Amino acid sequence: MDAHTHILQYLRWIHFMAGITWIGLLYFFNVVNGHFQAALDADTRTKVVPELMPRALWWFRWGAMVTLISGLLYIFWSKWITTWGQPGMGGFFGSQGLWSSSWGGWITLGSSFGIIMWFNVWFIIWPAQKKIITWTKAGQSPPERAKLASRATKTSRVNTYLSVPLLFAMGGASHFATFGWLSAILVVLVGFIIVWVFVSVAKNVGTKV
Ligand code: HEM
């Protein structure tokens, strides 16, 4: 087995672990934590939020970072480095390049969603949450708080919608060689419906033991 195969497998391993950490917490925030926090009284929330959220958001945002870096490195390694010095083979359009296979179609779809989600985590959700946690800790509720909280929640919900088609695309790349525009659109639509159902039932699911 050559060195490239080893390197790609280690990148893939890191990628799954980080991706699971990130998306697992995203689902926790969207189907559990929002309803849980809404059920707490203000005093309890002041105690719980500063303990829970900084920890959860640390794993969340660094999970997103490691997922993105390992995924992009995988693409770069498999399509540029392994075909180094062989003109016309790798890159975007080479005979074994990114966009010459169904693999590349699914990976392009999945990674585009992943890059949007990563941006949302680092530049919208985390900056908003940082302020919200600080205010909660200090027992403050400035007027811009509600707007910021709603922005963070909506963006987190957008990421949840994008994550389900993303997962189909990631898993489909190596195991479902059917990429085409119609299949991509169908996967996105079905993914959105799945999330809509999960999010709609989440408020009442698991409330009784
Ligand atoms: C953020 C941008 C992302 C990029 C650039 C990216 C890139 C990639 C690439 C290149 C592969 C192909 C590996 C192979 O062919 O074996 C892959 C596979 C995979 N990715 Fe991602 N990915 C991203 C986000 C995610 C996220 C958020 C998850 C969530 C868990 C994820 C989970 C997976 C899984 C499970 C596979 C396995 C495919 C298989 O071999 O069955 N990826 N990803």
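Structure: above.
Residues numbered from 1 in each chain as written. Predicted model: local features only at pLDDT ≥ 70, side-chain atom pairs only at ≥ 80, totals over all residues. Heavy atoms only, no water.

Caption draft 1: Inspection of the coordination of the iron atom of the ligand at higher detail. Listed as protein donors to the iron atom of the ligand are His15 (NE2) and Met170 (SD); their distances from the metal cover 2.0 to 2.3 Å. You can call Met170 partly exposed: its relative accessible area is 27%. (Donors = N, O, S within 2.8 Å, 3.2 Å for Na, K, Ca; no water. Buried < 20%, exposed > 50% of the residue type's maximum accessible area, 1.4 Å probe, protein only.)

Caption draft 2: View of the pattern of salt bridges. What the rule picks out here adds up to one salt bridge. A salt bridge links Glu51 to Arg55; the nearest nitrogen and oxygen atoms lie 2.9 Å apart. Here the residue Glu51 and the residue Arg55 both occupy positions in helix α2 (residues 42-81), the gap between them amounting to four residues, near one helical turn. The class for Glu51 is partly exposed, based on a relative accessible area of 47%. (Salt bridge = Lys/Arg side-chain N within 4 Å of Asp/Glu carboxyl O. Helix = DSSP H or I, 4+ residues; strand = E, 2+ residues; numbered from the N terminus.)

Caption draft 3: Spatial organisation of the packing of α2 against helix α3 (residues 102-138). The geometry of α2 relative to α3 is characterised by a closest axis approach of 9 Å and an angle of 155° between their N-to-C directions. Taken together, the axes of α2 and α3 are roughly antiparallel relative to one another. Crossing handedness for the pair α2 and α3: left-handed. Class assignment of the residues belonging to the contact of α2 with α3 gives a composition of 22 nonpolar, five polar and four charged. (Axes fitted to C-alpha atoms, helices over the stretch in contact; angles between N-to-C directions. Parallel < 35°, antiparallel > 145°, perpendicular 65-115°, else oblique. Left-handed = near helix turned anticlockwise from the far one by under 90°. Nonpolar A, V, L, I, M, F, W, Y, C, P; charged D, E, K, R; others polar.)

Caption draft 4: View of the nonpolar core. Counting residues in hydrophobic clusters, the biggest one holds 37 residues, and the most contacted among them are Trp22, Phe29, Leu57, Phe60, Met117 and Trp118. For this core, the elements supplying multiple residues, two or more each, are α1 (3-38), α2, α3, α4 (144-175) and α5 (181-201). Ranked by residue count, the leading element in this core is α3, at twelve residues. In contact with Phe29, other than residues within four places in its own chain, are Gly34, Met53, Ala56, Leu57 and Phe60. (Core = buried A, V, L, I, M, F, W, Y, C linked by side-chain atoms within 4.5 Å. Contact = heavy atoms within 4.5 Å.)

Caption draft 5: Region of the structure containing the packing of aromatic side chains. Enumeration according to the criterion identifies 17 aromatic pairs in this entry. Judged by centre distance (5.9 Å) and plane angle (75°), the rings of Trp118 and Phe123 are edge-to-face. Look at Phe123 and you get partly exposed, because its relative accessible area is 48%. Ring pairs connect the aromatic residues Phe76, Trp80, Phe92, Phe93 and Trp99, which therefore count as one cluster. Above the ring of Trp126, the side-chain terminus of Arg61 is found at 3.7 Å from the ring centroid. (Phe/Tyr/Trp six-rings, centres within 6.5 Å; stacked < 30°, edge-to-face > 60°. Lys NZ or Arg CZ within 6 Å of the ring centre and 35° of its normal.)

Caption draft 6: Quick look at α3. Helix length check: α3, at 37 residues, gives a terminal C-alpha distance of 52 Å against a target of 54 Å (1.5 Å per residue), a fit within 8%. The largest bend in α3 is about 40°, located at Val121. Trailing α3 by a residue or two, Gly139 shows a phi angle of about 65°, which is positive. (Expected span 1.5 Å × (residues − 1). Bend = angle between axes of the 7 residues up to and from the residue.)

Caption draft 7: Molecular detail of the site of the ligand. The full set close to the ligand counts 22 residues, and Arg12, His15, Trp103, Met170 and His175 are the nearest of them. Between the ligand and the protein, one listed contact pairs an oxygen atom with a side-chain N or O atom of Arg12 at 2.6 Å. Ser174 is positioned such that a nitrogen or oxygen atom in its side chain is 3.2 Å from an oxygen atom of the ligand. Going through the elements one at a time, α1, α2, α3 and α4 are the ones with two or more residues in the shell around the ligand. Looking at the shell around the ligand element by element, the count peaks at seven residues for α1. Within the shell around the ligand, the residues separate by chemical class into 13 nonpolar, eight polar and one charged. (Near = heavy atom within 4 Å. Polar contact = N/O pair within 3.5 Å; in protein donor to acceptor, adjacent residues only side chain to side chain.)

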